[in-house]
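A closer look at the structure
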Amino acid sequence: MPTDDHSELLARWNATLPRQQELGEGLITRYSEPHRHYHTTKHLLHMLTMIDQLADDHDLFLVRLAAWYHDAVYAIPVGQVSNEEASARLALRELNRVGLEQEDLNQVARLVRLTETHLPGPRDPEGELLCDADLAILASNRADYEKYRAAVRAEYERVPEEEFLAGRLAVLSELADREIFRTAKGRQLSEAARANLATEINMLQNRLGIAVEGSDV
């Protein structure tokens, strides 16, 4: 029986790309894979919702398609290419078959690849919107942020604790050292995101410090 997320996502897909329901169902199935805990249909729906909330004068059709494909491939550990690159290639293959023009195909693939770094260049409003929507979880309330943090750890459950903590610390520190959000509306989320990042970074540093001290005993 379809979940509420499934039904809403399918309605959104059909509104974006009519008469291609089978393609949308395939993407929803990908986001429903059992090894996913954060990068799920719930994340996809949240991202699509944030695109609507943060948008101003953007080409939403291509941004929404990029959102659908940005985590379509999510392998842990990653394969021969990054998950974002594999997702971009999937988008090119599937959307080419439904008749998108080459310029639009290239734009969707470029946007999907951009979610690997979340560093859009200057004068890239669509890239800014997609990245802001993907990172909006960082500005969640404390309870939702904790669920997000735990879900990410669950996806990497096979990674040893200290290795995961060090990797997570590197990722969050890089985010905290730069401008997180770039759209006008997205920048309003910066204060909440920085507070969450600071709290988790402090926790990670403390836990790594305890682990290092323990290994010396």
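Residue indices begin from 1 for each chain and proceed along its sequence in written order. Confidence filtering applies because this is a predicted model: local features only for residues at pLDDT of at least 70, side-chain atom pairs given and counted only at 80 or more, and all residues used for totals across whole chains, interfaces and linings. Working from all heavy atoms in the structure, the side-chain values ignore hydrogens and water.

With respect to the confidence of the model for the protein
This prediction gives the protein a mean pLDDT of 94; 95% of its residues lie at or above 70. Residue-level confidence of the predictor is summarised by pLDDT, bounded by 0 at the bottom and 100 at the top. Throughout, a contact is declared for two residues whenever any of their heavy atoms are within 4.5 Å. Across residues 211–217 the pLDDT falls below 50, and counting only partners more than four positions away or on other chains, this stretch makes 2 contacts in the model.

Re the packing of aromatic side chains
Here the aromatic set is Phe, Tyr and Trp, taking the six-membered ring for Trp, and pairing holds for ring centres within 6.5 Å; pairs whose planes are under 30 degrees apart are stacked, those over 60 apart are edge-to-face, and all others are tilted. In total, this model carries 4 aromatic pairs according to the counting rule given. When the centroid spacing of 5.0 Å and the interplanar angle of 70 degrees are considered together, the rings of W13 and W68 count as edge-to-face. Here W13, found in helix α1 (residues 4–16), pairs with W68, found in helix α4 (residues 60–69); they are 55 residues apart in sequence, far enough to count as distant. Whether a residue is buried, partly exposed or exposed follows from its accessible area with a 1.4 Å probe, protein chains only, as a fraction of its type maximum: under 20%, in between, or over 50%, in that order. By relative accessible area, W13 is classed as buried at 0%. Using a relative accessible area of 1% as the deciding quantity, one classes W68 as buried. Taking 6.1 Å as the distance between ring centres and 40 degrees as the angle between the ring planes, the aromatic pair formed by Y156 and F164 counts as tilted. Classification of Y156 as partly exposed rests on a relative accessible area of 29%. Across from the ring centre of Y31, 5.0 Å away, lies the NZ or CZ of R36, which sits over that ring. Over the face of the ring belonging to F164 we find R153, whose NZ or CZ atom lies 4.4 Å from the ring centre. Strands are runs of DSSP state E lasting at least two residues, helices are runs of H or I lasting at least four, and both sets are numbered from the N terminus onward. Whether a charge sits over a ring comes down to the Lys NZ or Arg CZ being within 6 Å of the ring centre and within 35 degrees of the ring normal.

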